Amino acid sequence: MSPKIATLAARLDNLYEFDREPVTPEKLQPWTKFAGMFAGEHVAATEFVIGAFFVLHGVTARDLLLGLLFGNLLAVLSWTFVCAPIAVRTRLTLYWYVRKIAGPGLMVIYNIANAILYCILAGAMIAVSATAVGLAFNIKTPALTDVFPNSLAWVLIAFALGALFTLLAVLGFEKLSRFAQVSSPWIFVIFIAGALALLPRLGVKTDFSNFWEIAQTKIWNGVAVAGQEKLGFLHILFFAWFCNLAMHIGLSDMAVFRYAKRWTYGLFSAFGMFPGHMLAWICSGIMVAAVGREMNPGMMAYEAAGLAGVGGLLLAGWTTANPTLYRAGLALQAVTPNWPRWKTTLSAGAATTILACFPIVFMKLLDYVALYGLILMPIGAVIFAEHWILPLFKIEQYRAEKRGWTINVPALIVWIGTLVAVFLLPIHLYFKWLPGYGIALISYTLLAALGRKEAE
Amino acid sequence: MASPARPIYALLSLLSLFVCLLLPVLRFLGRMTADRFKFGLLFASIAWFVFASLWAAAAKKTEKR
């Protein structure tokens with residue numbers, strides 16, 4: 001191993017030292033913890049944007065409901081049959097399992113990629129919250145097609161909010177996490193309250209007798225707004241499925257499920273998916289339709305629920321940007337020479353704040369979510385193949401660890417090769433990950449088999 | 001030993017959350033103006049944060065004991 005990579009890997013190892021050992025039986029958690037954690041984690045500021053975007057992309061009511069129903073079901077099944085079984089068998093975090101399978105060098109690269117992706121995601125959350133603050137100062141929200149900031153005032157607001165969120169993340173991550181736990185049920189209620197209060201504006205009768213008709217004609221009417229691509233059933237199904245791709249197929253939720261008593265605890269992810277990624281998206285769709293199909297989350301929240309709505313949007317952004325900034329800072333600590341945690345969080349926050357000034361981070365959020373999962377997915381496939389498929393073909397497992405490889409070259413080739421292959425595939429961005437996952441599984445198994453022959 | 005105030009905070013916070021849900025129902029049924037709904041929601045929301053924070057703090061104290 002080169003001395004530089006060895007130093008970086010050693011630094012990362014120290015950071016994650018506390019969870020190096022597999023979880024012991026007495027530390028296993030009851031199912032209620034998993035249900036509660038999922039319910040709290042999947043109602044974020046971005047939900048205000050995602051559900052609204054489905055309306056602007058001309059999704060029909062039937063496509064939306066069926067797409068969300070089946071897509072979220074597939075996401076739950078991915079947690080249950082892909083992520084949770086590996087986590088329960090190994091009782092390790094993804095970090096240590098990637099290190100064992102792909103080598104410390106590739107683990108460092110994976111961590112840095114993750115940090116960059118986290119920063120962009122936190123940037124989107126800050127930008128969404130900035131629309132709420134912008135409302136108070138009568139600042140025009142960027143247009144759907146804007147890539148760059150449309151005014152100095154927008155930059156100042158995004159910058160100020162980013163700086164504030166970063167400062168709070170630096171000052172006390174744990175206290176904020178506890179505050180986030182208090183906030184999450186209320187944020188979910190605000191989604192429901194906002195949508196319900198705006199239904200009369202759309203003409204829904206108090207007995208709900210015309211709700212489906214209004215849903216089909218005034219909310220999800222199948223007409224995309226100018227400049228937006230029309231999405232259908234399969235797009236929604238795939239979006240709901242891959243929205244947390246990095247967590248289930250990408251296996252980063254091994255960190256959570258290693259505490260599960262049984263792999264079937266993966267089913268409790270339904271407590272996050274169906275309220276957060278179904279009901280909250282439906283609610284934000286209703287809200288955007290009621291405010292004239294204008295993508296302005298701040299205005300939408302204010303019109304729907306007044307100052308409580310604006311507060312909900314700000315808190316949803318803050319409470320979800322906070323752990324994202326923390327994780328990005330943690331990932332960056334490997335490549336920053338002896339920097340304390342506050343300094344790396346501050347650096348991640350500075351990068352995130354700059355990104356938040358660019359409206360493209362939330363105006364193209366759906367595409368970014370697709371890319372985020374896609375980029376990390378091949379490593380999930382490598383882990384899956386190593387864990388389940390290699391033993392089936394009697395191919396030696398964990399060669400990187402046993403032979404002290406810095407980088408498992410086949411894993412790196414599969415990661416890069418899969419990404420190149422999927423970007424060349426002439427299909428919609430949302431559908432690319434699924435054939436990509438197949439490509440990664442097959443190619444890694446083949447490369448591992450070739451490696452075995454060479455060794456013989 | 002559990003803090004004696006803990007169930008009271010729990011009850012009050014759940015009550016606040018229930019009010020946050022009840023108000024939009026009343027607004028939807030036309031029993032409340034938009035301004036009253038928004039003011040009521042803000043008030044119930046503040047109540048939720050106050051009582052839920054006290055509830056969480058009391059629960060933490062109990063855990064420590």
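Residues numbered from 1 in each chain as written. Chains lettered and ligands numbered in written order. Predicted model: local features only at pLDDT ≥ 70, side-chain atom pairs only at ≥ 80, totals over all residues.

Helices and strands together make up the secondary structure of chain B, namely two helices and zero strands. Here chain B has a C-alpha radius of gyration of 15 Å; the compact-globule value for 65 residues is 11 Å, and the former is much larger. Overall, chain B is about 50 × 15 × 10 Å in size when its C-alpha atoms are taken along their principal axes. Every one of the 65 residues in chain B was classed for burial, and the buried ones make up 29%. (Helix = DSSP H or I, 4+ residues; strand = E, 2+ residues; numbered from the N terminus. Rg over C-alpha atoms; globule rule 2.2 N^0.38 Å. Buried ≥ 20, exposed ≤ 12 C-beta atoms within 10 Å, placed from the backbone.)

Okay, the overall build of chain A next. Assigned secondary structure in chain A consists of 19 helices and zero strands. For 456 residues, the compact-globule estimate of 2.2 N^0.38 gives 23 Å, and chain A sits close to it at 22 Å. By the burial criterion, 57% of the 456 residues in chain A qualify as buried. Counted over contacts in chain A with a minimum sequence separation of 6, partners at least 24 positions apart contribute 86%. (Contact = placed C-beta atoms within 7 Å.)

Here we come to helix 5 (residues 94-102) of chain A. Residue and element names in this part refer to chain A. The element helix 5 is largely enclosed, with a buried count of nine among its nine residues. Listed in full, the buried residues belonging to helix 5 are L94, Y95, W96, Y97, V98, R99, K100, I101 and A102. The elements touched by buried residues of helix 5 are helix 4 (61-90), helix 6 (104-136), helix 11 (254-257), helix 16 (365-392), helix 17 (399-403) and helix 18 (409-424). The first or second residue beyond helix 5 is G103, which carries a positive phi of 95 degrees.

The next thing to look at is the interface of chain A and chain B. Frequently, the measure chosen for interface size is the accessible area that the parts lose on association. Counting from both sides, the interface comprises 18 residues of chain A and, opposite them, 20 residues of chain B. Where the side of chain A that touches chain B is concerned, the elements lending two or more residues are helix 8 (173-202) and helix 13 (297-332) of chain A. A total of 12 residues in the side of chain A that touches chain B trace back to one element, the largest contributor, which is helix 8 of chain A. Class assignment of the residues belonging to the side of chain A that touches chain B gives a composition of 13 nonpolar, four polar and one charged. (Nonpolar A, V, L, I, M, F, W, Y, C, P; charged D, E, K, R; others polar.)

All right, on to the environment of Y398 of chain A then. Residue and element names in this part refer to chain A. Within the element layout of this structure, Y398 appears in the loop between helix 16 and helix 17. Assessed through the 14 C-beta atoms surrounding it within 10 Å, Y398 is described here as partly exposed. Considering only alpha carbons, one finds Y398 and R99, 299 residues apart in sequence, at a separation of 9.7 Å. Each residue touching Y398, except ones within four places of it in the same chain, is listed here: K100 and I101.

Moving on: unusual backbone geometry. All names here are of chain A. With a phi angle near 60 degrees, R91 is a residue other than glycine that sits in the positive phi range. By the element assignment, R91 lies in the loop between helix 4 and helix 5. Of note in the backbone geometry, F208 takes a positive phi value of approximately 65 degrees without being a glycine. Within the fold, F208 resides in the loop between helix 8 and helix 9 (211-219).

Across chain B, the average pLDDT comes to 90, with 94% of residues at 70 or higher. Per the prediction output, this complex has pTM 0.90; the corresponding ipTM is 0.93. (pLDDT = per-residue confidence, 0-100.)

All names here are of chain A. Relative to each other, helix 13 and helix 14 (residues 341-356) sit at 115 degrees, their axes nearing to 8 Å. Note that helix 13 runs across helix 14; the crossing there is right-handed. Mapping the contact onto sequence places L325, Y326, A328, G329 and L332 in helix 13 and R341, T344, T345, S347, A348, G349 and T352 in helix 14. (Axes fitted to C-alpha atoms, helices over the stretch in contact; angles between N-to-C directions. Left-handed = near helix turned anticlockwise from the far one by under 90°.)

A word on the packing of helix 5 of chain A against helix 16 of chain A. Residues and elements named next belong to chain A. Look at helix 5 against helix 16: their axes get within 10 Å of each other, and the N-to-C directions meet at 70 degrees. By the angle between their directions, the pair helix 5 and helix 16 is classed as roughly perpendicular. Counting all contacts with helix 5, which are made through Y97, V98, I101 and A102, the residues of helix 16 involved are I379, V382, I383 and E386. Among the residues forming the contact of helix 5 with helix 16, the class breakdown is seven nonpolar, no polar and one charged. (Parallel < 35°, antiparallel > 145°, perpendicular 65-115°, else oblique.)

A word on the nonpolar core. Within the largest apolar cluster, 185 residues are counted, with the highest numbers of intra-cluster contacts made by A52, V98, I126, I286, M287 and V382 of chain A. Ignoring any residue separated from it by four or fewer positions in sequence, one finds I286 of chain A in contact with A195, L198, L199 and I219 of chain A. (Core = buried A, V, L, I, M, F, W, Y, C linked by C-beta atoms within 7 Å.)

The next point concerns the environment of L434 of chain A. Mapped onto the elements of the fold, L434 of chain A is located in helix 19 (residues 433-455). Here the alpha-carbon distance between L434 of chain A and G349 of chain A, two residues 85 residues apart in the chain, equals 33 Å.

A word on the environment of R6 of chain B. Residue and element names in this part refer to chain B. With respect to the helices and strands, the residue R6 is situated in helix 1 (residues 6-28). Between the C-alpha atoms of R6 and F51, which are 45 residues apart in sequence, the distance is 9.7 Å. In this view, R6 contacts W55, A58, A59 and T62; residues no more than four positions away in its chain are not counted.

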